[in-house]
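Chains, contacts and geometry: an overview
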Amino acid sequence: MGFGGISIWQLLIILAIVLLLFGTKRLRNIGADLGNAVKGFKGAMSSGEKDKETEPQQLTQAEGKKGDDALKGGVESRKEEKT
């Protein structure tokens, strides 16, 4: 017995039928496309994790810039009030 009640011989027969139906060239293309899709998915997942790591740093930097802008605006308005 093999996988779930299917023997190795039955799997080989199914593989031979698939090869006859699709041909080796088409199966090779399907395998390459599937491999590229998996590679792209992994790349997207890893870039998503990198984005999550850099988001807090970018937020704190943006908050610091907003604070600096607010300080500059307050100083400028005080200068205008004096003149």
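Let us look at the structure shown here.

Reading the values: the criteria
Residues numbered from 1 in each chain as written. Predicted model: local features only at pLDDT ≥ 70, side-chain atom pairs only at ≥ 80, totals over all residues. Heavy atoms only, no water. Helix = DSSP H or I, 4+ residues; strand = E, 2+ residues; numbered from the N terminus. Buried < 20%, exposed > 50% of the residue type's maximum accessible area, 1.4 Å probe, protein only. Areas by Shrake-Rupley, 256 points an atom, 1.4 Å probe, with all protein chains shown as cover. Patch = residues over 30% accessible without salt bridge, like charges linked within 9 Å, V, L, I, M, F, W, Y side chains within 5 Å. Salt bridge = Lys/Arg side-chain N within 4 Å of Asp/Glu carboxyl O. Contact = heavy atoms within 4.5 Å.

Some thoughts on the overall build of the chain
Of regular secondary structure, the chain possesses one helix and zero strands. Residues counted as buried form 0% of the 83 residues belonging to the chain. When the accessible surface of the chain is totalled, it reaches about 7800 Å², and 63% of it is carbon and sulfur.

Quick notes on a nonpolar patch on the surface
A cluster of nonpolar residues, Ile8, Trp9, Leu12, Leu15 and Leu19, forms a patch on the protein surface that exposes about 550 Å² of accessible area. Position of Leu12 relative to the elements: it lies in helix α1 (residues 8-82).

Thoughts on the environment of Leu27
Inspection of the secondary structure assignment puts Leu27 in helix α1. With sequence-adjacent residues up to four places away left out, Leu27 is seen in contact with Val18, Leu19 and Phe22.

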